[in-house]
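Listed here are the chains, written in short residue letters.
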Amino acid sequence: MASLVPLKDKKLMEVKHGELPSWIMMWNFTPSGIAGAFQRGSDWYYNKYINVWKGSISGINMVLAAYVVFSYCISYKELKHEQRCKYH
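Residues numbered from 1 in each chain as written. Predicted model: local features only at pLDDT ≥ 70, side-chain atom pairs only at ≥ 80, totals over all residues. Heavy atoms only, no water.

Trainee: Looking at this model, I keep getting lost on the overall build of the protein. Mind explaining?
Mentor: On a plain count of helices and strands, the protein comes out with 4 helices and 0 strands. Helices (α) and strands (β) of the protein occur, in sequence order from the N terminus, as α-α-α-α. Put simply, the protein has 88 residues, and 7% of those count as buried. When the accessible area of the protein is evaluated, it comes to approximately 8600 Å², of which 66% is carbon and sulfur surface. (Helix = DSSP H or I, 4+ residues; strand = E, 2+ residues; numbered from the N terminus. Buried < 20%, exposed > 50% of the residue type's maximum accessible area, 1.4 Å probe, protein only. Areas by Shrake-Rupley, 256 points an atom, 1.4 Å probe, with all protein chains shown as cover.)

Shown next as structure tokens:
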């Protein structure tokens, strides 16, 4: 049974393996297209985790955890020289 949804409107989990390269080539790789993708992603995140009926601190905690991991990855080169050494 063929799907009635156009390939461009499908989500990632709905795309079959054979359709994946053509689905990726339909993306808009211009600067305005990339900015629009980031805008849609931030709107999705805000509506899913921040702007909810029974809100909690979990959405903000995820952003803070991602910041901590990202900053650790950035400064790992300097931090690895400060590791404690065992003197035998």
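Trainee: When you look at the pattern of salt bridges in this model, what are you seeing that I'm missing?
Mentor: Per the stated rule, a full pass over the model turns up 1 salt bridge. A salt bridge links K10 to E19; the shortest N-O distance between them is 3.3 Å. (Salt bridge = Lys/Arg side-chain N within 4 Å of Asp/Glu carboxyl O.)

Trainee: Please explain the side chain of K10 as it appears in this structure.
Mentor: Its place among the elements puts K10 in the segment before α1 (20-25). On the accessibility criterion, K10 (10% relative accessible area) is buried.

Trainee: Help me understand the packing of aromatic side chains, please; the structure alone is not making it clear to me.
Mentor: Any two aromatic rings considered together are summarised by their centre-to-centre distance and by the angle between their planes. Within this structure, the stated rule accounts for 5 aromatic pairs. Among the aromatic residues, those joined into a ring-pair cluster are W23, W27 and F29. Positioned over the ring face of Y49 is K48, at 5.7 Å from the centre of the ring. (Phe/Tyr/Trp six-rings, centres within 6.5 Å; stacked < 30°, edge-to-face > 60°. Lys NZ or Arg CZ within 6 Å of the ring centre and 35° of its normal.)

The quantities given are spatial measurements derived from coordinates; they are silent on function.
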